[in-house]
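Each chain, letter by letter, is given below.
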Amino acid sequence: MHSTLRLTLVILFAAFIAGCGFQLRGSYALPYESLYLAMPEYSVVGASLKRAIRGSGSTRLVDTAKEAQATFLPTAEAKEAIILSLSNAGRVREKRLRYRYGYRIVDNKGRDLVLPGVIELNRDLSYADSDVLAKTQEEDLLWRDMENDLVQQLMRRLAAAKPSPAAEE
């Protein structure tokens, strides 16, 4: 009796999850057979993006732009901490961490396959002079979280990118 009830609950739960459109984050099917990442070797985002692309299994990373169907080019990267509010004593109370990342995807002739894009991520952080070490560590953790979020967003955008008709001429 209990096993039948459990089985019924598992089936209902699976149907609910499937019906609501839930999908695990993870592998993405990229529309390119081969891709070159024009990113420096020391780039944290570049290393994470390479790992995610290799994990997708659908796209081969190549060593040069000439042998790639598409090239991913970062155009701008900016990290900034913006003060949102000050205490009565003039000390920082709240900060906003802003991470902007621009990119292009071009073919081997330099033509845009998709329109250039920018991803902007923001995180707010309360600040206290009494907890400087803890808040510094929290800020570092938020920057790393934003880098991971950026890689996931780049993978989603790469997967959704359909080469424009102008690029196929």
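Throughout, residues of each chain are indexed from 1 in the direction in which the sequence is written. Predicted model: local features are reported for residues with pLDDT of at least 70 only, side-chain atom pairs are reported and counted for 80 or more only, and whole-chain, interface and lining totals are derived from all residues. Based on all heavy atoms of the structure, the side-chain values leave hydrogens and waters out of the count.

### A closer look at the layout of surface pockets
Thinking step 1. Estimates place the volume of the largest pocket at around 150 Å³.
Thinking step 2. Put simply, the grid is 1 Å and covers the protein atoms alone, a cavity is a trapped set of points that fit a 1.4 Å probe, a pocket is an open set with protein on both sides within 12 Å along at least five of seven lines, and lining residues have an atom within 4 Å of a point. Together, Y36, L37, M39, E41, K50, R54, L61, V62 and D63 line the largest pocket.
Thinking step 3. The helix and strand labels rest on DSSP assignments: H or I over at least four residues marks a helix, E over at least two residues marks a strand, and numbering proceeds from the N terminus. Of all the secondary structure elements, the ones that give two or more residues to the lining of the largest pocket are β1 (34-37) and α2 (44-56). Grid points are joined across faces, edges and corners, and a volume is the space filled by probe spheres set on the points.

### Remarks on the packing of α2 against helix α3 (residues 132-160)
Thinking step 1. In this analysis, axes come from line fits to C-alpha atoms, helices being fitted only over the stretch in contact, and the angle between any two N-to-C directions falls in the range 0 to 180 degrees. For the pair α2 and α3, interaxial distance at closest approach is 10 Å and the crossing angle is 45°. Judged on the interaxial angle alone, α3 and α2 are oblique. In this structure, α2 meets α3 at a crossing whose hand is right-handed. Facing α2, whose interface residues are V44, V45, S48, L49, A52, I53 and S56, α3 presents E147, L150, V151, L154, M155 and L158.
Thinking step 2. Polar here means any residue other than Ala, Val, Leu, Ile, Met, Phe, Trp, Tyr, Cys and Pro, which are nonpolar, and Asp, Glu, Lys and Arg, which are charged; Gly is therefore polar. Here the residues of the contact of α2 with α3 are counted per class, giving 10 nonpolar, two polar and one charged. Between 65 and 115 degrees an angle is taken as roughly perpendicular, under 35 as roughly parallel, over 145 as roughly antiparallel, and anywhere else as oblique. Throughout, a crossing is termed right-handed when the near helix is turned clockwise from the far one, and left-handed when it is turned anticlockwise from it by less than a right angle. Two residues qualify as a contact provided that any one of their heavy atoms is within 4.5 Å of a heavy atom in the partner residue.

### Things to note about the pairing of β1
Thinking step 1. For two strands to be treated as a pair, DSSP must find no fewer than two bridges joining them. With two bridges joining them, β1 and strand β2 (residues 60-61) adopt parallel strand pairing. Its bridge partner being in β2, S34 is matched across the sheet by R60.
Thinking step 2. Look down the strands so they point away from you; if the path from the first strand over the helix to the second goes clockwise, the crossover is right-handed. Running through α2, the crossover from β1 to the neighbouring parallel element β2 is right-handed.
Thinking step 3. Relative to strand β3 (residues 70-86), β1 runs parallel, the two being bridged by three bridges. Directly across from Y36, in β3, lies its bridge partner T71.

### Quick look at the packing of aromatic side chains
Thinking step 1. Only rings of Phe, Tyr and Trp enter the pairing, Trp through its six-membered ring, and a pair is recorded when the two centres are within 6.5 Å. The plane angle decides the type: under 30 degrees is stacked, over 60 is edge-to-face, the rest tilted. Tallied over the entire structure, the rule returns two aromatic pairs.
Thinking step 2. Ring centres of F72 and Y103 lie 5.7 Å apart, and the angle between their planes is 15°; on these two criteria the pair is classed as stacked. With F72 in strand β3 and Y103 in strand β4 (residues 92-106), the pair connects residues that are 31 residues apart, well separated along the chain. Assigned by exposure class, F72 and Y103 land together as buried.
Thinking step 3. The interplanar angle of 80° and the centroid separation of 6.4 Å between the aromatic rings of Y99 and W143 together place this pair among those described as edge-to-face. With Y99 in strand β4 and W143 in helix α3, this pair connects stretches of sequence that are 44 residues apart. Burial classes follow relative accessibility: with a 1.4 Å probe on protein chains only, a residue under 20% of its type's maximum area counts as buried, one over 50% as exposed, and anything between as partly exposed.

### Quick look at the environment of G110
Thinking step 1. The residue G110 is located in the loop between β4 and β5 (112-126) in this model.
Thinking step 2. The exposure class assigned to G110 is partly exposed, which follows from its relative accessible area of 41%.
Thinking step 3. The spatial distance from the C-alpha of G110 to the C-alpha of A70 is 9.2 Å, given a sequence separation of 40 residues.

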